[in-house]
Amino acid sequence: MQKRHGITLAGAACTAVPAWGASEESLSLSVIGMAFLMMAILTSLGAWLIHHLGRLAFRRLHATISRLPIAAAIVRSKDGELFYANAACQDMLGVSKVGRRYYYPEGIGPQMMADVLRPVQSGTGFDNVEETLRLGGNQTIRVLISGQLMSYRWQTAWLLFFVAPAKQSNPYIQLEQRVFQRVLNSLSELVYFQDKAGNILGTNTAFDRFWRGRREEGLIQGDPSGIGDVPVIHTWTTAPDGSSRLLETNKTTMTDEEGQVIGMLTISHDVTDWHEMQESLKQEIEKREVTEQILAQRNTLLNSILNASQDPIGLYNEHGVYVGCNEPFARVLGFSARELIGKTARNVIDPEMLQEFYQTDIKVLKEGVTVKTDAYVILETGEPVWYEIVKSPYRDPTDGSAGILLIARDVTERKQAEQQLADAIMELQELSFVDSLTKVANRRSFDEQLRKLWHSHMREQQPLTLILCDIDSFKAYNDNYGHQQGDWALLEVAQVFDSVIRRETDEVARYGGEEFAFLLPNTPLCGGEVVAEKIHEKVAEKAILHGFSDISDILTVSLGVATMTPMPNQDYGELIAMADKALYKAKADGRNTTRLMAELDEF
């Protein structure tokens with residue numbers, strides 16, 4: 001044993017060489033086997049440890065996400081499959097959970113989520129991408145999405161956070177606010193509005209003029225939320241000229257889009273003249289019980305008050321017979337005051353308007369309440385007038401019969417201001433989807449329409465055709481004729497394109513620069529070819545001179561036509577790419593031509 005040990009250590013004995021060689025081969029195999037065994041054990045241990053740590057890390061992440069007050073979800077990167085959604089996300093987006101699986105609402109789906117994430121796939125994270133998601137039916141929600149790339153269940157996934165976007169100021173909203181303020185300043189009524197905390201947010205010119213130096217006196221005390229407030233308040237006060245005035249104040253609760261109370265709008269009318277007139281009328285009616293002489297005096301005073309008012313005022317009994325009015329009231333109906341007295345409403349008012357009046361009259365007579373309505377009237381002169389009409393009940397003390405006192409106020413200017421504001425809002429909305437130069441749809445409108453059509457054609461399995469158009473040698477046109485002439489040429493070509501489109505569902509849009517795009521729903525490739533031929537024909541008929549073109553002495557276009565019937569595993573970007581490739585072929589083949597490409601062609 002000592003000798004072997006010595007040979008092993010020193011290698012000095014020649015007689016031990018053969019035995020040592022045999023042992024070395026056996027020992028090497030053993031060492032290799034042990035090494036493989038150790039590697040297998042370490043690998044299994046490492047995999048277990050990584051899996052255990054991964055599960056532990058995700059439990060911690062899950063615990064954190066589940067307690068977050070904002071919506072959070074984990075989505076598979078490659079196809080938008082939903083792995084997880086916390087409670088806030090389930091409430092916000094309508095995500096449902098069955099067992100351990102999570103499901104999108106009907107309107108979203110993995111494909112749509114994959115479309116949303118596609119523009120950010122090249123990075124590891126993104127912040128505040130604004131998107132409109134469809135929750136099912138016609139319900140949509142605008143959200144800001146932020147995301148971070150992560151590994152989940154051995155797969156690449158996105159950790160997403162959804163928040164409702166804050167309402168940001170922009171020039172269009174500022175313009176609307178200025179128009180709104182001008183409308184308020186045009187009103188003779190005293191107007192102010194406040195938030196839930198009672199802070200004054202704004203007033204109009206009439207309010208500031210009336211309450212100058214004593215603003216606090218003009219504020220109606222009460223809860224700005226509107227709970228428990230009296231809808232109409234009458235208060236006596238002193239006008240700037242020192243006269244006593246009676247103000248009728250209406251408080252209206254303001255709510256947001258979700259119906260939550262955000263403040264209070266308060267409008268005060270100077271009803272002193274109306275009050276005095278009504279008081280006078282009541283006094284005169286009471287005097288009728290005394291003697292015929294007092295009744296005559298009351299009628300004289302009543303007529304004086306009626307004639308002193310520029311606002312139309314009339315009285316009629318429960319049978320619709322006019323028993324009193326002033327000249328402004330009679331002129332609205334096409335009569336003089338003397339002619340109108342004794343006539344019935346059904347003989348002088350248009351049947352359609354009479355039906356509307358009848359409904360409010362029933363409410364006033366049966367419930368004994370004051371009713372306020374609006375009426376649009378065209379006078380005999382052809383002048384259109386808007387009236388704000390107040391109907392109040394009265395009872396004749398001489399015979400106990402019921403009747404109605406009608407007082408009208410000309411609010412045409414206010415209505416016109418409201419209509420101008422509505423028109424301005426509509427115009428701003430239209431401008432956001434129209435190209436300012438060519439007046440056809442812009443790129444934003446095109447992208448939105450293509451996205452909608454792609455999903456609808458996927459459901460219906462109908463062909464969708466896209467035509468991309470490029471004006472040939474347009475740079476040379478701009479360089480030689482000038483950009484002002486180039487803008488004119490773009491406008492002329494856009495009008496030609498717009499004339500080619502016949503169906504309401506078709507759309508032509510300025511795609512960028514001198515490029516235009518045509519969207520043709522439910523159209524096969526042959527239909528797109530027909531439209532392309534029409535485009536060439538109409539552009540040639542327009543004959544816009546182009547002396548610097550290598551193709552023709554007039555302006556020409558190259559067209560690429562592509563058609564697809566969308567499938568769930570496809571993206572509308574493929575349709576754009578096909579049309580772009582067809583357009584490239586048209587340019588390569590000499591321009592002023594059309595090339596077609598269907599989804600079965602080589603791509």
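Residues numbered from 1 in each chain as written. Predicted model: local features only at pLDDT ≥ 70, side-chain atom pairs only at ≥ 80, totals over all residues. Heavy atoms only, no water.

Draft legend 1. Broad picture of the packing of aromatic side chains. This structure, assessed with the given rule, holds 14 aromatic pairs. Here Phe83 and Tyr152 contribute two aromatic rings whose centre-to-centre distance is 5.1 Å and whose plane-to-plane angle is 45°, an arrangement assigned as tilted. Of the two residues, Phe83 is situated in strand E2 (residues 82–85) and Tyr152 in strand E6 (residues 139–152); the sequence distance between them amounts to 69 residues. In this pair, the class of Phe83 matches that of Tyr152, namely buried. Their ring planes at 90° and their centres at 5.3 Å tell us that Phe446 and Tyr511 sit as a pair that is edge-to-face. (Phe/Tyr/Trp six-rings, centres within 6.5 Å; stacked < 30°, edge-to-face > 60°. Helix = DSSP H or I, 4+ residues; strand = E, 2+ residues; numbered from the N terminus. Buried < 20%, exposed > 50% of the residue type's maximum accessible area, 1.4 Å probe, protein only.)

Draft legend 2. Expanded view of the packing of helix H15 (residues 483–500) against helix H16 (residues 525–542). Following both chains from N to C, one finds H15 and H16 inclined at 140°, their axes separated by 10 Å at the closest point. Considering the angle they form, H15 stands oblique to H16. Crossing angle aside, the handedness with which H15 passes H16 is right-handed. Here Glu492, Val496, Phe497 and Val500 of H15 lie close against H16, whose contacting residues are Val531, Lys534, Ile535, Lys538, Val539 and Lys542. Residue composition of the contact of H15 with H16, by class: six nonpolar, no polar and four charged. (Axes fitted to C-alpha atoms, helices over the stretch in contact; angles between N-to-C directions. Parallel < 35°, antiparallel > 145°, perpendicular 65-115°, else oblique. Left-handed = near helix turned anticlockwise from the far one by under 90°. Contact = heavy atoms within 4.5 Å. Nonpolar A, V, L, I, M, F, W, Y, C, P; charged D, E, K, R; others polar.)

Draft legend 3. Geometry of the sheet that holds strand E21 (residues 557–564). Read across the open sheet, the five strands follow the order E19-E20-E18-E21-E22; overall the sheet is mixed. The open sheet has two edge strands with one neighbour each: strand E19 (507–512) and strand E22 (594–598). For this sheet the average axis-to-axis angle between neighbouring strands, irrespective of direction, equals 20°. Where strand E18 (residues 464–471) meets strand E20 (residues 515–520), six bridges bridge the pair, whose relative direction is antiparallel. Bridging from a neighbouring strand, Leu466 pairs with Leu519 of E20. Contacts between helix H13 (residues 443–460) and the sheet are confined to E18, E19, E20 and E21, with E19 contributing the most and set at about 125° to the helix. (Pairing = 2+ DSSP bridges.)

Draft legend 4. How the structure looks around the environment of Ile362. In this fold, Ile362 is placed in helix H11 (residues 351–367). Expressed as a C-alpha distance, the spacing of Ile362 and Glu318, which sit 44 residues apart in the sequence, is 9.1 Å.

Draft legend 5. Main features of helix H14 (residues 474–481). Along H14, the residues classified as buried are Phe474, Tyr477 and Asn478. Projected down its long axis, H14 carries its buried residues within an arc of 95°, all on one side. Projecting away from the buried face of H14 at angles above 90 degrees are the exposed residues Lys475 and Asp479. Looking at the buried side of H14, the elements it contacts are E18 and H15. Count one or two residues on from H14 and you reach Gly482, which has phi positive near 95°. (Arc of directions from axis to C-beta.)

Draft legend 6. A look at the packing of H13 against helix H17 (residues 572–588). Running from N to C, H13 and H17 cross one another at 115°; their axes reach a closest spacing of 10 Å. Classified by the interaxial angle, the pair formed by H13 and H17 is roughly perpendicular. On the side of H13, the interface is formed by Leu450, Arg451 and Trp454, while H17 contributes Tyr572, Leu575 and Ile576. The residue makeup of the contact of H13 with H17, split by class, is five nonpolar, no polar and one charged.

Draft legend 7. Examining the sheet that holds strand E15 (residues 371–378) more closely. Pairing within the open sheet is antiparallel, and its five strands lie in the order E14-E13-E17-E16-E15. Edge positions in the open sheet fall to strand E14 (322–325) and E15, since each of these has one partner strand only. Across the sheet, the mean angle separating the axes of adjacent strands is 25° when strand polarity is ignored. Taken strand by strand, helix H7 (residues 272–287) contacts strand E13 (313–317), strand E16 (384–395) and strand E17 (402–410), and its axis lies near 155° from that of E17.

Draft legend 8. Geometry of the nonpolar core. In terms of nonpolar packing, the biggest core is built from 35 residues, with Ile74, Cys89, Met113, Leu117, Leu133, Leu160 and Phe162 touching the most fellow members. Those elements giving two or more residues to this core turn out to be strand E1 (71–76), E2, helix H3 (87–93), helix H4 (109–117), strand E5 (125–136), E6 and strand E7 (155–163). Not counting the four nearest positions on each side in its chain, Met113 is found in contact with Val75, Gly80, Tyr104, Ile108, Leu160 and Phe162. (Core = buried A, V, L, I, M, F, W, Y, C linked by side-chain atoms within 4.5 Å.)

Draft legend 9. Up close: the pattern of salt bridges. Overall, the coordinates contain 24 salt bridges when judged by the stated rule. The partner of Arg118 in a salt bridge is Asp571, with the nearest N and O atoms 2.8 Å apart. Separated by 453 residues along the polypeptide, Arg118 in the loop between H4 and E5 and Asp571 in the loop between E21 and H17 bring together distant segments of the chain. The buried category is assigned to Asp571, whose relative accessible area is 15%. With a closest N to O distance of 2.9 Å, Asp479 and Lys475 form a salt bridge. Placement of both Asp479 and Lys475 in helix H14 is noted, with a separation of four residues, approximately one turn of the helix. Neither residue differs from the other here; Asp479 and Lys475 are each classed as exposed. Salt bridges sharing common partners tie together Asp115, Arg118 and Asp571. (Salt bridge = Lys/Arg side-chain N within 4 Å of Asp/Glu carboxyl O.)

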